[in-house]
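Below are the chains, spelled out letter by letter.
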Amino acid sequence: MNNLNEESIINKKIKRIKLDWNSESFKNILDTKTKLNKIYSNEKLRIQSGNLVFKDNRKEHKICNFFVIPTHKIYYFDGSKKEKIGLRIRLYTNDQNKMTKITELTITNELINNGKWIDKYLADDYILYKNEYYVHLKKAIKLSSKLLKKKDKEIYTDRTGWIKGSFEWYYVPVTDPDIILIDETGINYDKGLSKKYSLTEKKGATAKEAFLKTLDMIDAIDKKISIPLISYTLLSLITSIIKPNNKPKTLLCLIGNNSTISKEGLANIYCNIYNRNAFINNIDSELHSDFNHTQKELKENILKARDYVIILKNIGIDTKEKQDKIKMLFTLLQNDKLHNNILGLSKDNLERENTFNIDISNIVISSDDLKMLQNKSKFFSTFLLHFIYSLKQMIQRDKKIFNKQFKKRIRYFEKEHSNIDFNIAKLFSWLMVMYELFLIFGVKAQALDEKSAKSKLSEATEIYKELSVKANTENNNINSESLKKQEAKLFLDAITKMTAEVKLLRIKEKPHEENDIIGWEDDTALYLKNKVWNLINNFSIRPLTIEKKELYQYLYDRNIINGQLERNNRIRFDYNKNVYEGKKERVLYIFKEKMKNLLEEENT
């Protein structure tokens, strides 16, 4: 919770009412007090006549002149996981005018433990009779949280992107912070986000008009550049929703120089979501990053960005320091905590695997079109706001919908290009998914008819077919053999360490407890359970930067692992092996001698 200060969390409301003893609310309070007293009974605590009371062996002691009813558990969301950080509570007491005073207060675990919230946030109507009694009040507050159900939660965050509240999904932040009210959504966020991450609408512009202006942006330059950039931007809006295994782990990079428009200008026009303005050649340093930053700064900046494109200036390999940063960047692309798309800006072609270079050198754009692109800035922001809302509706209906569409598209690319690199196929599959959603939005906004949308989708499909072949060829031309060999060596070295530390059973030997083992062996081979892939980074000197399927294909092609031919002529790498009597198990079947030979070859 280091990123949220106390004042960001505290939310206080006060009201004074005269409770009608026959009212439903009074009956609910009595019912809750009865439940709390039952919870408190083992700790000799009790709510009595509006006071919290503690009873020792001799007598009762009034702890305070109020009692506490919890309403929500409070969580902090750091972009990857939720951490329980406090409670939202209601404090009930009677003031001098015999009115019931109710104070609603959000307090952190730290404040609950140290008790400073009483003096800091409560008025004189609330009395703790002795400081040493606070230990009993603290215990009562913590015990009271047992009343709360799973849905009784509020989430605080200082990160952008998708987050699920009490009932619905929301994209944080929104243009107007008043749109997100805790009482309705269960979400609150640092109000500084609304200033830092601003989406400025074109006043009066409709979804239809905003979509049509965005189409003008696509038509203004070569569509082999504009369509991928727009698709990549839309894809960035759902990166935290995509399953880790389905995420495209490929870097998009603008390269080359152009006399009419800079890489920074193109990036700002087509890929910058927040704080868009007419000064297109300046990259906002607060939202984006620079390759001249230190490795630590780069990593922090990239990982804190969430559900938008982070633009990375001055990428290159002209120095040893930058080469080390490139290695770090591509390792980061494999990180499941990465929830954004990265757009690199490089003077030269970035010759790395899993890179899609877009050369802007030959873009021809008139001064009128460039002016038009600058003036469309707020229209594109307006379109993005409407598109985000349409995504919310889709996520609310079925969070898995994007992953389902992705699977359909990747089957298409794998069918079209039997030898396509898996990461390249993933990238272009997702770009197709998002462009199709873009066109569907246009139909719903009545900006396109279905015939026009179908024609534009066919056009984009042909563009992506051509670009994917080009990207795949470039990818294959890079020294991929050497890189894959390095990753294979790293993997097999980790397997060697793992099997030395975790004892394998002899083949045909039945385990006492199935979950306690990682596999079997005989004199010629290892038969490892599929779970070893998830354990490999615990034994590797660094995380692997290669996909599981790609690595296994490399090992299979070199007869290091065994595979099984399926009816559809595909090879399964999880071999169906009879490991002991009556038990077949899908295993990674590794030939010991072949593994040893590759490791020795690498060490030579």
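Structure: see above.
Procedures and definitions
- Residues numbered from 1 in each chain as written.
- Predicted model: local features only at pLDDT ≥ 70, side-chain atom pairs only at ≥ 80, totals over all residues.
- Heavy atoms only, no water.
- Helix = DSSP H or I, 4+ residues; strand = E, 2+ residues; numbered from the N terminus.
- Expected span 1.5 Å × (residues − 1).
- Contact = heavy atoms within 4.5 Å.
- Phe/Tyr/Trp six-rings, centres within 6.5 Å; stacked < 30°, edge-to-face > 60°.
- Buried < 20%, exposed > 50% of the residue type's maximum accessible area, 1.4 Å probe, protein only.
- Pairing = 2+ DSSP bridges.
- Axes fitted to C-alpha atoms, helices over the stretch in contact; angles between N-to-C directions.
- Polar contact = N/O pair within 3.5 Å; in protein donor to acceptor, adjacent residues only side chain to side chain.
- Salt bridge = Lys/Arg side-chain N within 4 Å of Asp/Glu carboxyl O.
- Parallel < 35°, antiparallel > 145°, perpendicular 65-115°, else oblique.
- Left-handed = near helix turned anticlockwise from the far one by under 90°.
- Core = buried A, V, L, I, M, F, W, Y, C linked by side-chain atoms within 4.5 Å.

The next thing to look at is helix 12 (residues 320-332). Here helix 12 spans 18 Å end to end across 13 residues, near enough to the 18 Å set by a 1.5 Å rise per residue. At its buried positions, helix 12 is contacted by strand 12 (251-255), helix 11 (295-304), strand 14 (306-315), strand 15 (339-346) and strand 16 (355-359).

A cis amide bond links valine 172 to the next residue, proline 173, at an omega of -5 degrees. Inspection of the secondary structure assignment puts proline 173 in the loop between strand 10 (169-172) and helix 6 (182-185). Its identity as a non-glycine residue notwithstanding, lysine 44 has a phi of 60 degrees, on the positive side. Along the chain, lysine 44 falls in the loop between helix 2 (24-40) and strand 2 (45-48). Backbone geometry at asparagine 559 places phi at a positive 60 degrees, although glycine is not the residue there. Within the secondary structure layout, asparagine 559 lies in the loop between helix 20 (548-557) and strand 20 (564-565).

For the coordinates displayed, the defined rule picks out 29 aromatic pairs. Measuring from centroid to centroid gives 5.5 Å for phenylalanine 66 and tyrosine 126, while their planes differ by 75 degrees, and the two rings are edge-to-face. Here phenylalanine 66 is found in the loop between strand 4 (60-64) and strand 5 (67-77), whereas its partner tyrosine 126 is found in the loop between helix 4 (117-121) and helix 5 (134-144), with 60 residues between them in sequence. For the pair phenylalanine 66 and tyrosine 126, one class covers both residues: buried. One aromatic cluster in this structure is built from Phe211, Phe380, Phe383, Phe387, Tyr435, Phe438 and Phe441.

A separate point is the sheet that holds strand 16. Here we have five strands laid out as an open sheet, ordered 13-14-15-12-16, and parallel in their pairing. Strands at the two margins of the open sheet, each flanked by one partner only, are strand 13 (289-290) and strand 16. Inspection of the sheet shows strand 12 paired to strand 15 by four bridges, in the parallel sense. Bridge pairing in strand 15 places leucine 254 opposite leucine 345. Set on the sheet, helix 10 (residues 263-271) makes contact with strand 12, strand 14 and strand 15; between it and strand 15 the angle comes to about 155 degrees.

Before going further, it helps to spend a moment on the pairing of strand 23 (residues 583-591). Across five bridges, the pairing between strand 19 (residues 525-529) and strand 23 is antiparallel. Following the sheet pairing, leucine 528 is matched in strand 23 by leucine 588. Pairing between strand 22 (residues 575-580) and strand 23: five bridges, direction antiparallel. Its bridge partner being in strand 23, tyrosine 575 is matched across the sheet by valine 587. Between the end of strand 22 and the start of strand 23, which pair antiparallel, lie two residues, with glycine 582 showing a positive phi angle near 80 degrees.

Note that asparagine 272 resides in the loop between helix 10 and strand 13. Taking the relative accessible area as the measure of exposure, asparagine 272 reaches 4% and is therefore buried. Spatially, the C-alpha atoms of asparagine 272 and serine 361 are 21 Å apart, while their sequence positions differ by 89 residues. Here tyrosine 274 takes part through its backbone oxygen, which lies 3.0 Å from a polar atom of the side chain of asparagine 272.

Throughout the structure, instances matching the rule amount to 31 salt bridges. If you follow the salt bridges from partner to partner, you end up with Arg88, Arg90, Glu104 and Glu154 in one network.

For the pair helix 8 (residues 207-220) and helix 14 (residues 377-397), interaxial distance at closest approach is 8 Å and the crossing angle is 120 degrees. When the axis of helix 8 is compared with that of helix 14, the two are oblique. Handedness of the helix 8/helix 14 crossing: left-handed. Here helix 8 contributes Ala207, Glu209, Ala210, Phe211, Lys213, Thr214 and Met217 to the contact with helix 14, which in turn contributes Phe379, Phe380, Thr382, Phe383 and His386.

Take the nonpolar core next. Counting residues in each nonpolar core, the largest one holds 114 residues, and the members touching the most others are Ile238, Tyr270, Leu343, Phe383 and Phe428. It is helix 16 (residues 422-444) that provides the largest number of residues to this core, a total of 14 residues. Counting 35 residues, the second largest nonpolar core, distinct from the first, contains Tyr40, Leu87, Ile112 and Ile141.

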